[in-house]
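Examining the three-dimensional arrangement
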Amino acid sequence: MEHRSSLAQLINHPNPTNEIVAHKEKLMKEIQKKEKQQLRGLPSDFVDKLHEMEWVTNKSTSRKLADGTTKCIRIPPFKAPIPTGGKGFKSRSKSVNKGVGSDRKLYNHIEETKANNELGMALQQAHEMEDVRSRKQSLDDINPRLVHAAGLDVHRGAATEFLAPENAQSEDVRSMMEEETRPCIKTNDLNPSEVKRRTGFRDLPNLLSYAMVVCGGDLECLFATSSKLTWLEEWLFFFEFKYGRTACRWQDFAQMYKCREKTLRGILKQKLLQEHGSRNRWPMYATYEEDAKLRDREWDVYFDPSDGERIIMHDATGLPWQCPTDAALQRALFSDYYGTTCAKGGISNQLCGWIRGIPLFTGRISDSQMIKDSKVLVEQRTFSEADASSDEPFTNVFDKGFRNSLDAAMEGQKCKQPKYSKGDIQFSGNDTLYSACVAVVRSGNERAVQRCKMSWFLKRGCAFQQWDIGLFCDIWEAWTFQVNFMYDKFL
């Protein structure tokens with residue numbers, strides 16, 4: 001033990017050298033190993049005599065020194081036992097495994113029964129082989145040492161001759177496995193009426209064409225999956241969830257698609273991320289050239305195409321929300337116009353039918369303040385300056401509730417809205433005709449609002465079911481982008 005005490009003195013030295021620190025673990029392990037062998041009365045080369053050994057070279061390790069640096073230390077060659085079995089799961093071991101403690105106990109019981117009760121052993125063999133025949137157990141699942149001791153290994157080669165037919169196996173287990181791997185939705189079942197009932201799209205080609213728009217034409221992105229569902233089932237679930245007419249709870253969708261709620265949430269978030277990326281890639285508005293060619297010819301009576309006037313209509317709508325218990329939150333969400341707590345979203349559309357959804361705000365905000373805070377007028381000015389098909393700015397068509405004429409003028413844009421005045425003051429004839437003309441133009445905007453609320457998920461809002469606010473806002477923006485590709489022109 002003098003060697004160990006001197007080693008301890010060197011290790012506990014106030015300024016140990018790097019060599020002592022580096023070899024600390026190695027020396028301590030060697031000393032502990034030799035002490036254990038001496039206590040058990042075994043020679044130091046006991047392992048060498050039981051196993052074939054081989055020299056191991058080119059080994060190194062790294063150690064962190066006291067000064068914080070890392071040093072690579074080369075390990076000198078040493079002897080190690082040669083593995084007796086294969087290194088893979090498919091390779092059989094060269095030695096017989098005696099099994100766990102229960103296997104060894106059962107082996108001793110079998111040997112005792114064979115010596116004292118041969119009749120009982122024969123009956124036990126018959127019971128075991130009946131379980132094998134009925135497929136309740138397999139010989140491969142039993143420890144080989146036990147199979148040999150019980151005399152069951154003689155039947156291993158002829159197992160296929162006396163096994164029960166395949167259909168005699170547990171029918172419930174086989175049906176569950178087939179049901180688990182069978183797709184929930186087949187392409188033949190997706191006729192136009194079924195697709196429209198689930199997602200609102202006219203038919204399956206219309207649905208897939210928009211999915212290609214979301215993926216930017218990338219087929220790998222279209223066919224990619226993140227769950228056990230097929231790629232078509234994932235897209236169908238995504239659009240069905242946003243449409244919100246066939247189911248309204250996570251457990252309903254989990255029952256329909258035979259998938260966990262957590263997995264479905266991941267699919268929804270992934271598809272929403274892709275759809276928002278597509279929304280950001282597309283232009284916010286149609287150019288004047290596109291607007292003039294795609295709009296209905298009846299609009300040419302009101303707006304001469306040669307003038308280059310860009311018409312865009314604005315409106316707002318409320319989406320129901322649960323009434324919070326906190327007074328400040330309730331005051332922020334309560335809308336005097338709708339008479340309830342809600343979220344307010346803005347909708348703008350052009351004469352060609354292109355719809356753009358403005359992000360959601362709290363219900364307390366006024367329509368005018370919503371236009372200001374959303375910076376929509378600034379975005380329109382930037383877009384019109386970059387559009388070379390017309391030099392004219394946007395002409396904003398507002399309802400009476402908006403007070404943004406001055407804001408539009410500050411951004412170099414025009415504004416049209418019905419005349420309004422104080423109470424008990426009669427309008428003049430020109431004011432009445434002007435208001436009627438604006439109302440005729442704005443009639444198309446009400447149909448745009450109707451399109452945006454075709455989703456019952458948004459129409460129900462959070463009045464009866466609490467949803468994550470970020471998820472709800474993302475679906476609002478995604479749906480107002482999707483309606484441009486799934487419905488016919490409404491103006």
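Residues numbered from 1 in each chain as written. Predicted model: local features only at pLDDT ≥ 70, side-chain atom pairs only at ≥ 80, totals over all residues. Heavy atoms only, no water.

Once that is clear, we can look at unusual backbone geometry. Positive phi, normally seen in glycine, also occurs at Lys258, with a value near 50°. Mapped onto the secondary structure, Lys258 falls in the loop between α14 (250–257) and α15 (261–281). Despite not being glycine, Lys375 has its phi angle at roughly 60°, a positive value. Topologically, Lys375 is positioned in the loop between α19 (367–373) and α20 (376–386). (Helix = DSSP H or I, 4+ residues; strand = E, 2+ residues; numbered from the N terminus.)

Think of two packed helices as two axes; the pair is described by the angle between the axes and how far apart they sit. Where helix α10 (residues 192–199) contacts helix α13 (residues 231–243), the two axes come as close as 7 Å, and the packing angle between them is 55°. Taken together, the axes of α10 and α13 are oblique relative to one another. Together, Lys196, Arg197, Arg198 and Thr199 of α10 and Leu236, Phe239, Glu240 and Tyr243 of α13 make up the contact between the two elements. In the contact of α10 with α13, the residues fall into 3 nonpolar, 1 polar and 4 charged. (Axes fitted to C-alpha atoms, helices over the stretch in contact; angles between N-to-C directions. Parallel < 35°, antiparallel > 145°, perpendicular 65-115°, else oblique. Contact = heavy atoms within 4.5 Å. Nonpolar A, V, L, I, M, F, W, Y, C, P; charged D, E, K, R; others polar.)

Attention shifts here to the environment of Asp468. Along the polypeptide, Asp468 turns up in the loop between α23 (456–460) and α24 (469–486). Residue Asp468 is classed as exposed on the basis of its relative accessible area of 51%. Here Gly470 takes part through its backbone nitrogen, which lies 3.2 Å from a polar atom of the side chain of Asp468. A distance of 3.0 Å separates a polar atom in the side chain of Asp468 from the backbone nitrogen of Leu471. (Buried < 20%, exposed > 50% of the residue type's maximum accessible area, 1.4 Å probe, protein only. Polar contact = N/O pair within 3.5 Å; in protein donor to acceptor, adjacent residues only side chain to side chain.)

Our next topic: the pattern of salt bridges. This model, assessed by the stated rule, comprises 18 salt bridges. For Glu194, the salt bridge is made with Arg197, and the minimal N-O distance between the two is 2.8 Å. In this pair, Glu194 and Arg197 both sit in helix α10, 3 residues apart, roughly one turn of the helix. A relative accessible area of 44% places Arg197 in the partly exposed class. Put simply, Glu240 and Arg198 hold a salt bridge, and the shortest N to O gap is 3.0 Å. With a gap of 42 residues between them, Glu240 in helix α13 and Arg198 in helix α10 connect regions that are remote in the sequence. Of the two residues examined, Glu240 and Arg198, each falls in the buried class. Ionic contacts of the salt-bridge type, sharing partners, join the residues Glu194, Arg197, Arg198 and Glu240 into one network. (Salt bridge = Lys/Arg side-chain N within 4 Å of Asp/Glu carboxyl O.)

At a minimum axis distance of 10 Å, the contact between α13 and α15 shows a crossing angle of 85°. Between α13 and α15, the crossing angle belongs to the class labelled roughly perpendicular. Where α13 approaches α15, its residues Glu234, Trp235, Phe237, Phe238, Phe241 and Lys242 are matched on the opposing element by Leu264, Ile267, Leu268, Lys271, Leu272, Gln274 and Glu275. When its residues are assigned to classes, the contact of α13 with α15 shows 8 nonpolar, 1 polar and 4 charged.

Helix length check: helix α5 (residues 101–116) (16 residues) gives 23 Å between terminal C-alpha atoms against 22 Å at 1.5 Å per residue, within 8%. Among the residues of α5, Asp103, Tyr107, Ile110 and Thr113 are the ones counted as buried. For α5, the arc enclosing every buried residue in end-on projection is 130°, short of the 170-degree limit, so these residues lie on one face. Exposed residues lying more than 90 degrees from the buried face of α5 are Lys105, Glu112, Ala115 and Asn116. (Expected span 1.5 Å × (residues − 1). Arc of directions from axis to C-beta.)

A separate point is the confidence of the model for the chain. Per-residue confidence for the chain averages 80 on the pLDDT scale, and 78% of its residues sit at or above 70. Note that residues 1–11 has pLDDT below 50 and, in this model, 13 contacts with residues that lie over four places away or in other chains. A low-confidence stretch, residues 158–169 (pLDDT under 50), is modelled with 16 contacts involving residues beyond four sequence positions or located in other chains. (pLDDT = per-residue confidence, 0-100.)

Here the focus is the pairing of strand β9 (residues 394–397). The alternating pattern of β9 places Phe394 and Asn396 on one face and Thr395 and Val397 on the opposite face, and all of these are buried. Bridging between strand β5 (residues 310–320) and β9 involves 4 bridges; their strand directions are parallel. From the neighbouring strand, Met313 faces β9, where its bridge partner is Val397. Considered for its hand, the β-α-β crossover made up of β9, helix α21 (residues 405–410) and strand β10 (residues 414–416) is right-handed. (Pairing = 2+ DSSP bridges. Right-handed = clockwise from strand over helix to strand, strands pointing away.)

Summarising burial for β5: 10 of the 11 residues are buried, a large majority. Bridge count between β5 and strand β7 (residues 340–350): 9 bridges; the pairing is antiparallel. Across the sheet, residue His314 finds its bridge partner in β7, namely Ser348.

What follows is about the side chain of Asn404. Topologically, Asn404 is positioned in the loop between β9 and α21. Looking at Asn404, the relative accessible area reads 0%, which means it is buried. Among the polar contacts made by the side chain of Asn404, one reaches the main-chain carbonyl oxygen of Ser368 at a distance of 3.1 Å. The residues touching Asn404, leaving out its near neighbours within four places in the chain, are Asp367, Ser368, Ile371, Lys372 and Phe398.

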